Amino acid sequence: MDIDKEQLTNEKSLEIITNMIAAAKGKVDKNSFYFLLWGWVCVLANIGHYYILKFTDYPEPQIVWVITIPAAIVSAIYGYFQRKRASVKTHLGTIAFWIWMAFLISLVLILIFAHRINYQINPMIMILTASATFISGIILRFKPLIIGGILFWVFAVLALLSSLEYQYLIGAIALITGYLIPGYMLKKRANNG
Amino acid sequence: MDKFKDLDPLLHSQLRLAVVSLLLSVESAEFVFIKEKTGATAGNLSVQLDKLNTAGYIIIEKSFKGKKPLTTCKITKKGIDAFEQYVINLKQYINK
C-alpha cells in the first residue's frame, strides 16, 4: 500500500475502513484444543466413574477424576504459550477467556460445597457448562457450539431427574454432543479456513 | 482537494486510515499483524504509526518477546473519537 501518493476518494476511504474491519473480525481464536482435551478427559472420567460404581465394589469411584489434574496443567501451559504467540488481542477473545475463568470459579465453589447440594454435582456443572458453551458459540458465531450448549441444559434437566449413577452416563453423552462434536467441527473448519 | 477540507488530514491517508480502522476492531495488535493486514512496508508503517502516536490517536508499547523487540499498538479514546468524526464527515459527502 503506497500511501499519500494515490488520491484518496470517499469511496476508497470507505473501502479501506470496511476491509480493515473485516480483516480483524475473524480474529477470535477459533481454537478447538480445549474442547477436545476436556471433552475426552471428562467423557472418560464420567464413563469410568459410572463403570466403577455399577460393576465393581471399589469404594472410591471418584478417583477417576484425578485425570483432570494433568489436563488442567496441560491447559495452563498451552494457554500461556498461545497467548504469548498471538499477534493480536481482540475484545471478544478476552471476553471468551474470562467466561471460562468465571466458569472455573463457579466450578470450584460447587466442588467445595458438594455436600451442601446433596452431591448433585454433575447436573450443576452441566448447567454451568451450558452457559459457557452457549456464549462461546455466540462469540465464535459457531452454531454447533450453540446447539451443544443448549443440549447441556437439556441433559442437565435429564440428569436432575435421574439417579446419581446414571448422571455420569448422561454427563458423558452431554460432553460428546456439547464438546467433542462441535470441537471436531471447529477443528475441521479451522483447517479449511 | 477542496471538498475534503473537513476530513481529518491525519486520518485521510490510506495507510493511517487502514491502521486506525484495524485497531478500532481489536483490543491491541502487534506491529507484524498490522503490517500483514495493511500490506505496508515496515519503514512506511513505522513512520505512520509515529504520526498517529504523536497525535495521541494510538498508544505504542515497546517490549520484548523473548529476545525479539515487540511493538504493540492500541487505539486511544481520542483516536476513536477522531475516527467517528471522520466517518460522520465522510457520510455527509457521500449523501450529498
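Definitions and limits used
Residues numbered from 1 in each chain as written. Chains lettered and ligands numbered in written order. Predicted model: local features only at pLDDT ≥ 70, side-chain atom pairs only at ≥ 80, totals over all residues. Heavy atoms only, no water. pLDDT = per-residue confidence, 0-100. Helix = DSSP H or I, 4+ residues; strand = E, 2+ residues; numbered from the N terminus. Salt bridge = Lys/Arg side-chain N within 4 Å of Asp/Glu carboxyl O. Buried < 20%, exposed > 50% of the residue type's maximum accessible area, 1.4 Å probe, protein only. UniProt positions renumbered as here; feature names shortened; annotations may be inferred. Core = buried A, V, L, I, M, F, W, Y, C linked by side-chain atoms within 4.5 Å. Contact = heavy atoms within 4.5 Å. Buried area = accessible area lost by both parts, 1.4 Å probe. Polar contact = N/O pair within 3.5 Å; in protein donor to acceptor, adjacent residues only side chain to side chain. Nonpolar A, V, L, I, M, F, W, Y, C, P; charged D, E, K, R; others polar. Pairing = 2+ DSSP bridges. Axes fitted to C-alpha atoms, helices over the stretch in contact; angles between N-to-C directions. Parallel < 35°, antiparallel > 145°, perpendicular 65-115°, else oblique. Left-handed = near helix turned anticlockwise from the far one by under 90°. Patch = residues over 30% accessible without salt bridge, like charges linked within 9 Å, V, L, I, M, F, W, Y side chains within 5 Å. Areas by Shrake-Rupley, 256 points an atom, 1.4 Å probe, with all protein chains shown as cover.

Another aspect to go through is the confidence of the model for chain B. Summary statistics for chain B give a mean pLDDT of 89 and a share of 94% for residues scoring 70 or more. Ranking the elements of chain B by mean pLDDT puts helix α4 (residues 77-95) of chain B last with 89 and helix α3 (residues 42-54) of chain B first with 96.

Right, let's talk about the pattern of salt bridges for a bit. Residue and element names in this part refer to chain B. Applying the stated criterion to the full structure yields five salt bridges over all chains. Across the pair Glu36 and Lys37 runs a salt bridge, and its minimum N-O distance is 3.9 Å. Relative accessible area serves as the criterion here: at 26%, Lys37 is assigned to the partly exposed category.

Turning to the UniProt feature "domain: Winged helix DNA-binding" (unreviewed entry) in chain B, a few remarks are in order. UniProt feature "domain: Winged helix DNA-binding" (unreviewed entry): in the numbering of this structure it lies at residues 15-94 of chain B. Helix makes up 62% of residues 15-94 of chain B and strand 24%, whereas the separation of the span's terminal C-alpha atoms amounts to 21 Å.

Before going further, it helps to examine the nonpolar core. Counting 34 residues, the largest nonpolar core has Leu11(B), Val19(B), Leu23(B), Ile34(B), Leu45(B) and Tyr86(B) as its most contacted members. Top element by residues in this core is helix α1 (residues 14-25) of chain B. It accounts for seven residues. With sequence-adjacent residues up to four places away left out, Leu23(B) is seen in contact with Ala29(B), Ile34(B), Ile58(B), Cys73(B), Lys74(B) and Ile75(B). Membership of the second largest hydrophobic core comes to 19 residues, among which are Phe35(A), Ala130(A), Phe142(A) and Leu175(A).

Attention now goes to the interface of chain B and chain A. The interface is formed by 33 residues belonging to chain B together with 28 residues belonging to chain A. Carbon and sulfur atoms supply 62% of the area that chain B and chain A bury against each other, a total of about 2,700 Å² over both sides. A per-residue breakdown of the area chain B buries against chain A is headed by Gln14(B), Glu27(B) and Phe33(B), which together make up 26% of the total. Applying the counting criterion to the chain B and chain A interface returns one salt bridge. Counting across the interface, chain B meets chain A through seven residue pairs in polar contact (both at pLDDT 80 or more). Where the side of chain B that touches chain A is concerned, the elements lending two or more residues are α1, β1 (28-30), α2 (31-38), α3 and α4 of chain B. At eight residues, the largest contribution of residues to the side of chain B that touches chain A is made by α1(B). Tallied by class, the residues present in the side of chain B that touches chain A amount to 17 nonpolar, 10 polar and six charged.

It is worth spelling out unusual backbone geometry at this point. Residue and element names in this part refer to chain A. Of note in the backbone geometry, Asn118 takes a positive phi value of approximately 60° without being a glycine. Take Asn118: it is sitting in the loop between α4 (91-112) and α5 (121-140). If you check the backbone angles, Arg141 has positive phi at about 50° while not being a glycine. Here Arg141 is to be found in the loop between α5 and α6 (143-160).

Moving on, we come to the sheet that holds strand β2 (residues 58-65) of chain B. Spatial strand order, β1(A)-β1(B)-β3(B)-β2(B): four strands in an open sheet with antiparallel pairing. If you trace the sheet from one side to the other, it starts and ends with β1 (88-89) of chain A together with β2 of chain B, each paired once. Note: β2(B) against strand β3 (residues 68-75) of chain B, eight bridges, orientation antiparallel. Paired with Ile60(B) across the bridge in β3(B) is Cys73(B).

Here we come to the UniProt feature "transmembrane region" (unreviewed entry) in chain A. All names here are of chain A. Under the feature "transmembrane region" (unreviewed entry), the UniProt entry names residues 33-51, 63-81, 93-115, 121-140, 145-162 and 168-186. As annotated, residues 33-51 comprises 100% helix and 0% strand, and the C-alpha atoms at either end are separated by 27 Å. Across residues 63-81 one finds 74% helix and 0% strand; the C-alpha atoms that close the span lie 30 Å apart.

To continue, consider the packing of α1(B) against α3(B). Helix packing geometry: the angle between the two helix axes and the distance between the axes. Residue and element names in this part refer to chain B. Packing of α1 against α3 brings their axes to within 10 Å, and their N-to-C directions diverge by 70°. Put simply, α1 runs roughly perpendicular to α3. As for the relative orientation of α1 and α3, their crossing is right-handed in sense. On α3, the residues touching Leu15, Arg16, Val19 and Val20 of α1 are Asn44, Leu45, Gln48, Leu49, Lys51 and Leu52.

For the rest of this paragraph, the subject is a nonpolar patch on the surface. Residues and elements named next belong to chain A. Taken together, Trp40, Leu44, Tyr58, Ile63, Val66, Ile67, Ile69, Ile73, Ile77, Tyr80, Phe81 and Tyr184 make up a surface patch of nonpolar side chains, about 1,200 Å² in accessible area. Listed by contribution, the elements that provide at least two residues to the nonpolar patch are α2 (33-55) and α3 (68-85). Among the elements that line the nonpolar patch, the one with the most residues is α3, at five residues. For Ile67, the position within the fold is in the loop between α2 and α3.

Right, let's get into the side chain of Ser13(A). One can find Ser13(A) in helix α1 (residues 10-25). The exposure class assigned to Ser13(A) is buried, which follows from its relative accessible area of 0%.

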